[in-house]
Amino acid sequence: MKKIIFNSIILLAVTLGWLGCKKENYPGGTVSSYLPIYDLRNLYKGVDLTLNADNMFGSTSVEGIVISDHSGHNLPSGLLVIEQYRRLGLVRGISIPIGAAAAEYAPGDSVQINIAGSVLKRLDGILQITGVSSSAITKIATGRPIPKNRVASSKIKENPNDYESTFVAIVKASFDPAVESTATYAGDKPINDGFDNITLHTEATATFANAGNLNFNAVYYGIVFNKQDVNGKLTPEHRIRTLKDVKALSSVPEVAPVIITGYMADVKGGDGNYEYMQFKATKFIDFSVTPYSVVVTNNAGATNPTGFPTLGWATGSRATTGNSRTFKFNLTSGTVNKGEFFYVGGAGKMINGSGSTSMSSSKWIRAFDYTKSDGDGFGLKTTGLFANSGNASGFAIFEGTEIDVNTDPVDVVFIGSGGSLYNAETGLGYRVANTDLYDKVDVLSDNLKPTPFYLSGTNTMNFIYTEADKGYFNKLGGIYDVALGKWMKARRQVAIELTKTSALSEIEGVFPGSSEENPEGYPSTVIK
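Residues numbered from 1 in each chain as written. Predicted model: local features only at pLDDT ≥ 70, side-chain atom pairs only at ≥ 80, totals over all residues. Heavy atoms only, no water.

A. Looking closely at the overall build of the protein chain. Along the protein chain, the regular secondary structure elements total four helices and 28 strands. Taking 2.2 N^0.38 as the reference for a compact globule, 528 residues should give roughly 24 Å; the C-alpha atoms of the protein chain span a radius of gyration of 27 Å, in line with that estimate. Reported as C-alpha extents along the three principal axes, the dimensions of the protein chain are approximately 80 × 60 × 45 Å. Burial status across the protein chain gives 55% buried among its 528 residues. The long-range share in the protein chain, meaning contacts at least 24 apart out of those at least 6 apart in sequence, stands at 69%. (Helix = DSSP H or I, 4+ residues; strand = E, 2+ residues; numbered from the N terminus. Rg over C-alpha atoms; globule rule 2.2 N^0.38 Å. Buried < 20%, exposed > 50% of the residue type's maximum accessible area, 1.4 Å probe, protein only. Contact = heavy atoms within 4.5 Å.)

B. Layout of the sheet that holds strand S25 (residues 411–415). Taken in spatial order, the four strands of this open sheet run S20-S19-S24-S25, and their pairing is antiparallel. Two strands lie at the open edges of the sheet, namely strand S20 (326–331) and S25, each paired on one side alone. Averaged over all adjacent pairs, the angle separating strand axes in this sheet is 15 degrees, with direction ignored. Pairing between strand S19 (residues 292–298) and strand S24 (residues 393–399): seven bridges, direction antiparallel. The residue of S24 that forms the bridge with Val296 is Phe395. (Pairing = 2+ DSSP bridges. Axes fitted to C-alpha atoms, helices over the stretch in contact; angles between N-to-C directions.)

C. Summary view of unusual backbone geometry. In the segment running from Asp176 into Pro177, the intervening peptide bond is cis, with an omega of 5 degrees. Looking at the secondary structure, you find Pro177 in the loop between strand S10 (167–175) and strand S11 (187–192). A cis amide bond links Asn304 to the next residue, Pro305, at an omega of 0 degrees. Residue placement: Pro305 occurs in the loop between S19 and S20. One non-glycine residue, Lys172, lies in the positive phi region at around 55 degrees.

D. Inspection of the nonpolar core at higher detail. Phe279, Phe329 and Phe342 are the most contacted members of the largest nonpolar core, which has 53 residues in total. Counting residues per element, the ones that place at least two in this core are strand S16 (258–264), strand S17 (276–281), S19, S20, strand S22 (341–345), S24, S25 and strand S26 (472–481). The contact partners of Phe279, leaving out residues within four places of it in the chain, are Val258, Ile259, Ile260, Thr261, Val294, Glu340, Phe341, Phe342, Val344, Phe395 and Ile397. Listed in part, the 26 residues of the second largest apolar core include Leu51, Ala102, Tyr105 and Leu120. (Core = buried A, V, L, I, M, F, W, Y, C linked by side-chain atoms within 4.5 Å.)

E. Focus on the side chain of His201. If you trace the backbone, His201 turns up in strand S12 (residues 197–202). Here Asp188 takes part through its side chain, which lies 2.5 Å from a polar atom of the side chain of His201. (Polar contact = N/O pair within 3.5 Å; in protein donor to acceptor, adjacent residues only side chain to side chain.)

F. Up close: the pattern of salt bridges. If you walk through the whole model with that rule in mind, you get 20 salt bridges. Here Arg122 ties to Glu164 by a salt bridge, and the two come within 2.7 Å at their closest N and O atoms. Here Arg122, found in strand S7 (residues 119–123), pairs with Glu164, found in the loop between helix H3 (160–163) and S10; they are 42 residues apart in sequence, far enough to count as distant. For Arg122, a relative accessible area of 13% gives the class buried. (Salt bridge = Lys/Arg side-chain N within 4 Å of Asp/Glu carboxyl O.)

G. Quick look at the environment of Asp124. Structurally, Asp124 is set in the loop between S7 and strand S8 (126–130). Note: C-alpha distance between Asp124 and Phe463 (339 residues apart in sequence) is 42 Å.

H. Main features of the environment of Ile115. You can see Ile115 is positioned in the loop between strand S6 (110–114) and S7. For Ile115, a relative accessible area of 0% corresponds to the buried category. Linking Ile115 and Ser356, residues 241 residues apart in sequence, is a C-alpha distance of 70 Å.

I. Seen up close, the side chain of Thr130. As for its placement among the helices and strands, Thr130 is situated in strand S8. A relative accessible area of 12% places Thr130 in the buried class. The contact partners of Thr130, leaving out residues within four places of it in the chain, are Pro97, Ser118, Val119, Lys121 and Leu123.

J. Fine view of the pairing of S25. In terms of burial, S25 is largely enclosed, as five of its five residues are buried. Side chains Asp411, Val413 and Ile415 of S25 all project onto a buried face; the interleaved residues Val412 and Phe414 project onto the opposite face, where all are buried too. Here S24 runs beside S25; their pairing, made up of five bridges, is antiparallel. Considered in S25, the bridge of Ile397 is made with Asp411.

K. Structural view of the confidence of the model for the protein chain. Confidence in the prediction of the protein chain, expressed as mean pLDDT, is 91, and 91% of residues score 70 or more. Within the model, pLDDT remains below 50 along residues 5–28, and this stretch shows 66 contacts once partners closer than five positions in the same chain are excluded. (pLDDT = per-residue confidence, 0-100.)

L. Molecular detail of the pairing of strand S13 (residues 217–228). Of all 12 residues in S13, 10 are buried; the element is thus mostly enclosed. As defined by bridge partners, S13 adjoins strand S15 (residues 246–250) across four bridges and the pair is classed as antiparallel. From the neighbouring strand, Ala218 faces S15, where its bridge partner is Ala248. Inspection of the sheet shows S13 paired to strand S14 (residues 234–239) by six bridges, in the antiparallel sense. Following the sheet pairing, Phe225 is matched in S14 by Glu237. Here S13 folds back onto S14, and the loop between the two strands holds five residues, one of which, Gly232, carries a positive phi near 90 degrees.

M. Examining the packing of aromatic side chains more closely. Per the counting criterion, the structure on display carries 28 aromatic pairs. Measuring from ring centre to ring centre gives 6.0 Å for Tyr276 and Tyr343, while their planes differ by 70 degrees; the resulting arrangement is edge-to-face. With Tyr276 in strand S17 and Tyr343 in strand S22, this residue pair connects regions lying 67 residues apart in the sequence. The two residues Tyr276 and Tyr343 agree in class, both being buried. Pairing Phe327 with Tyr370 gives two aromatic rings, centres 6.4 Å apart and planes at 70 degrees, and the pair type is edge-to-face. Taken together, the positions of Phe327 in strand S20 and Tyr370 in the loop between strand S23 (364–367) and S24 put the pair 43 residues apart, joining distant regions of the chain. Tyr370 carries the same exposure label as Phe327, and that label is buried. (Phe/Tyr/Trp six-rings, centres within 6.5 Å; stacked < 30°, edge-to-face > 60°.)

Structural data, given as structure tokens:
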């Protein structure tokens, strides 16, 4: 069995930056007085370094935007923290101990600092420029914007030095384990953003240390600092500056009753009647009592209607023949237990197209020959549910069977991004759910601006196309916590090239050596 692991589909942390002035040493030119913080940090090789023009490539100073705010008394005392985006568009920061004077600077102040003769050293785990006097600092502007730099906790833990002394947003984070209703901010508390846990540290002397009513799900803005053990290993912690750095997103869990765990969009040979979708229930469901529906969207050039989907997932078709933009399956009978796989798709019920291993013994909640029958409510009979043309396709599961332009899904995934999918001017598009991949609001905007559609706001994540006609089953592996109603490990795409004799365990099992602790390649979503 061959497998290919794709890592491009998660909400990966992207460091935001602006291209700024570059320090170039042209023949006959003048070297800039200001050394980029990126280059300054790279000068440190584990031993104290006295800074001068020779080892700073002719420069004598640094400049940056202040991100420290000592009004909440939660930052290391006396540290002025600045960050900058001059080098390679990367955000880098540095801390400068200047004592009580650090409190005189506010976030957004632009400063220039003469550091010639100072010492670059790591103190208390934090790389610092020591020996800088207040008189060496010049404030040149105030109120400069500080970009909202969304970074996954896993990226910070993988590269703690890169993110140290920078202002980052830990997004959609909740406490793991969940905190008691009487809990306060004081101390060290792990928060999880769907990528990993990182420590939220609050000093006992912080003005908000004893504040309660901790948010169930929130954005935590703050500054990353490191601790260092005896072996030199850096461990990051996240510190909010004041309670204004916390933006509540939800106060109660939003639990998805069903999650998408895989799909077969292109079998070996003809696709008709053999495509299928794999799901997992997070609770017991009797579909005769609580019906659901699954809708597939195919945006290949041959589908109709063309243009943007006027009714979103309910667009269906505007013709009497040909492939529809969307096709619906109603789930109105059968039961499924918590943690159990179930399937929706063609009546062939085979793992990899005609002549392959039968899956008829698996739990099929809805299956019919869609090459001969129209969809349940909308969608014309079709030779293929999914696009294999390069344009996007995808599918979503909904509570209930009445779907219209305003109906939000329970879970949704997309493969690719091509085609007419979203029109920002008219608000036409495919609605998303709050998942590991998508958000119904812009979590970094000041007023939580609505972003209800795929390709609106930051909802651009998608799974990638695999090679056509190879019979790849796409497993989507992650860890979903029902108690918290969130993905503790975001889904990743694992494409497995099946044969005609592949066993069911290949699409429902785990690979040898994979586990929650070592998730590389583990494809079967774990429900906690």
